[in-house]
Amino acid sequence: MSIAYLPATNRESEHIILRGATLIDGNGGDPITDSEIEVRDGRIVYVGSRPDEGTTSAREGNDAGDTSPRVIQLQGKTIMPGFIDSHVHFGLTVENPAANLARFASERIVRSVVNARNTLMAGVTTARDLGGTDRGIRDSIEQGLILGPRIHLAISPLSPTGGHTDFTMPNGMPTMPPMPVDPIIDTDDDVRRTIRTLVRSGADVIKVCTTGGVSSPTDTPDDIGVPEEHVRLIVEETAKRAGQPVAAHAQGPEGIKAAIRGGVRSVEHGYGIDDEGIELMLEHGTFRVPTLSSALRIPDPKNVPGYLYEKKVKWSAIARERVAVAMAAGVKVALGTDAGVCPHGLNLREEMHAVELSLTPMQAIVAGTKNAAELLRLSADVGTLEEGKLADLVVVDFDPLADITALAEPDNVKAVVQGGSLVKDSAGWFGSAAVTSALG
Ligand SMILES: [Zn+2]
């Protein structure tokens, strides 16, 4: 079973040929120098080495009524697939909970829109929002009303009373604005009803917290959250529907293993994974989304509650050690930042952090493109640059295999094409008049 939902970017797509760039197609093989990519109706109709002159012209305008493609010269540039951030929260700014709570609902929505746009401009053409965002943002992007990545949504991340997503202080007051769907599950009946409500509300993925967390006030990453039997029940429920992937927030070793044994498709964070957990992950083919942009980032203690700062320092050190061990053991890695816990729009810093913790630059690019598409079950349409897939791509003027850190700066991502539609062209390589902007 696969998710039927994949938003088309409802914008105009030009018939274009991108000529002469070095191509990194997302499959992990050697780059192709002097490449050519032809895009028509939003999809890739040719990708590979630049064909001989005669062959090219034979492809140009050979259908009745077809217009000749516009050729864009990209010598000296590098083209990669549009990146996929498997873990964001467009609606969240958790570093200052009090300020977030004081905002008007309308301001939170506007901020989500800005966060989505900045994420796209950083080179992320598809994202998975693992909690706090409802269908309005996703559908507005799909309809072309605003610019942002294609989104898969979890809507509300699930945990038991007192668990990671029970945002209630000991005095009963909330620490966060309410989630779109009540995220608390304590009984089998709660599990079934909540999964059905999430599916009704348009969830593309189910997020479940099998451990406590760093940002929650009354638990720790070592605490067990949703138990293994409930994870299994959730996987059973989704299997009866569209087969929505189940993603587990899991940080301490026991909750990580409960998530894998229960059948989740991905472990999010996974900071404290032990050797048994790594074995289980390899055996089950579970993806791990290490969220290093958040894990390795120690916030200013002035901006966050004391409990959060202390847990962050401790678990950041654990993550640095254990994520590197798991990556070196060869678990499937899909990149995700947990943006919202770290700043939005700096998503490709995750590439740099993955290399810092043992991946090669090429492995990190594959983790942020092909592997993430596989995790989201969107491989038929996105993740690699291959004929038939949607033309989601980014263009830079440096070699990311020689310097992956250059990707971390969003201004270095000069051009972004999403579904064949040019959404960013800050260097004017495509002819800036061609940029379509839903925001005018
Ligand atoms: Zn998260």
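Residues numbered from 1 in each chain as written. Predicted model: local features only at pLDDT ≥ 70, side-chain atom pairs only at ≥ 80, totals over all residues. Heavy atoms only, no water.

(A) Fine view of the overall build of the protein. Helix and strand content of the protein: 13 helices and 17 strands. Relative to a compact globule of 440 residues, whose C-alpha radius of gyration would be 22 Å, the protein shows 21 Å and is just as compact. Based on the C-alpha atoms only, the size of the protein along its principal axes is roughly 70 × 45 × 45 Å. Partitioning the intrachain contacts of the protein with sequence separation of at least 6 by distance along the chain shows that 70% fall at a separation of at least 24. Here the protein has roughly 16,300 Å² of accessible surface; of this, 51% comes from carbon and sulfur atoms. (Helix = DSSP H or I, 4+ residues; strand = E, 2+ residues; numbered from the N terminus. Rg over C-alpha atoms; globule rule 2.2 N^0.38 Å. Contact = heavy atoms within 4.5 Å. Areas by Shrake-Rupley, 256 points an atom, 1.4 Å probe, with all protein chains shown as cover.)

(B) Examining the pattern of salt bridges more closely. Tallied over the full model, the rule gives 26 salt bridges. In this structure, the salt-bridge partner of E228 is R232, at a minimum N-O distance of 2.7 Å. Taken together, the residues span about one helical turn, with E228 and R232 both in helix α6 (residues 228–239) at a distance of four residues. Since its relative accessible area comes to 23%, E228 is described here as partly exposed. Among the residues examined, R232 registers a relative accessible area of 35% and is labelled partly exposed. What emerges from the salt-bridge pattern is a single network uniting E254, K257, R261, D274 and E276. (Salt bridge = Lys/Arg side-chain N within 4 Å of Asp/Glu carboxyl O. Buried < 20%, exposed > 50% of the residue type's maximum accessible area, 1.4 Å probe, protein only.)

(C) Local environment of the sheet that holds strand β4 (residues 43–49). Strand order in the open sheet made by the four strands is β4-β3-β1-β5, with mixed pairing throughout. Whereas interior strands pair on both sides, the edge strands pair on one side only; in this sheet they are β4 and β5 (70–73). In this sheet, neighbouring strand axes are inclined to one another by 15° on average, regardless of whether the strands run parallel or antiparallel. Here strand β1 (residues 16–19) runs beside β5; their pairing, made up of four bridges, is parallel. Bridge pairing in β5 places I16 opposite R70. (Pairing = 2+ DSSP bridges. Axes fitted to C-alpha atoms, helices over the stretch in contact; angles between N-to-C directions.)

(D) Region of the structure containing the sheet that holds strand β7 (residues 83–88). Here three strands make up an open sheet; going across it, the order is β7-β8-β9 and the pairing parallel. The strands lining the two open edges of the sheet, one partner per strand, are β7 and β9 (150–153). The average undirected angle you get between the axes of adjacent strands in this sheet is 15°. Inspection of the sheet shows strand β8 (residues 124–129) paired to β9 by four bridges, in the parallel sense. Within β9, the residue paired with D129 across the bridge is L153.

(E) Structural context of the domain arrangement of the protein. By the assigned domains, the protein splits into domain 1 (16–81 + 382–434) and domain 2 (83–375). Of the residues lining the interface, 28 residues belong to domain 1; the matching set on domain 2 comes to 26 residues. Its largest share of buried area at the contact with domain 2, domain 1 owes to I404, A408 and Q418, together 24% of the area lost on that side. Run the count over domain 1 and domain 2 and you get one salt bridge. Measuring nitrogen to oxygen at the nearest pair gives 2.9 Å for the salt bridge that ties R150 to D392. Across the domain 1-domain 2 interface, the total number found is six residue pairs in polar contact (both at pLDDT 80 or more). Looking at the side of domain 1 that touches domain 2, the elements with two or more residues in it are β6 (78–81), β16 (415–418) and β17 (421–425). No other element matches the three residues that β16 contributes to the side of domain 1 that touches domain 2. Of the residues that constitute the side of domain 1 that touches domain 2, the class distribution is 17 nonpolar, nine polar and two charged. (Domains from an automatic or database assignment. Buried area = accessible area lost by both parts, 1.4 Å probe. Polar contact = N/O pair within 3.5 Å; in protein donor to acceptor, adjacent residues only side chain to side chain. Nonpolar A, V, L, I, M, F, W, Y, C, P; charged D, E, K, R; others polar.)

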